[in-house]
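# Tertiary structure, described
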Amino acid sequence: VATPTCRVSRSACDNGSSPSIFFDFTTPNGLEVVSDSVMIVMIMLVMVGVSIELSRVLTTLLVKPMERMLGVLHKYASSILYQVLAANKVTIGEGHDHEDGQVETASLEDLMRKLAHV
């Protein structure tokens, strides 16, 4: 910062040059960069933590109850399907995997084919 006149008598003012003040912001700027970087990292960590917690809460409150409901629904649908198949004397084709739940799909396809011919 340059000023037009010297208010205090100094050797720099005697030779006719205008007085100047120089500021060194190296340390404050370095601290600002470090604090900004730490803040960005903290925000990222908080976002990751919130995402993990949101995933856990959604799994607990939404996915697990939905899985239980679908399991009960699957059990009741299988029971009804086997009763309908038994009433219509439809047999389940050989080679279907009973563990995969493919029995219901294959049985429904067979039932629809037989009903289509009626």
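Residues numbered from 1 in each chain as written. Predicted model: local features only at pLDDT ≥ 70, side-chain atom pairs only at ≥ 80, totals over all residues. Heavy atoms only, no water.

### Some details on the packing of aromatic side chains
On inspection of all chains with the given rule, the structure shows one aromatic pair. On the basis of an interplanar angle of 25° and a centroid distance of 6.0 Å, the ring pair of Phe23 and Phe25 is categorised as stacked. (Phe/Tyr/Trp six-rings, centres within 6.5 Å; stacked < 30°, edge-to-face > 60°.)

### Focus: the pattern of salt bridges
A full pass over the atoms with the stated rule returns one salt bridge. Here Glu53 ties to Arg56 by a salt bridge, and the two come within 2.5 Å at their closest N and O atoms. Of this pair, Glu53 and Arg56 both sit in helix 2 (residues 26-87), three residues apart, which is roughly one turn of that helix. (Salt bridge = Lys/Arg side-chain N within 4 Å of Asp/Glu carboxyl O. Helix = DSSP H or I, 4+ residues; strand = E, 2+ residues; numbered from the N terminus.)

### Topic: the environment of Thr5
For Thr5, the position within the fold is in the segment before helix 1 (11-14). A C-alpha to C-alpha distance of 9.9 Å links Thr5 and Ser20, two positions 15 residues apart in sequence.

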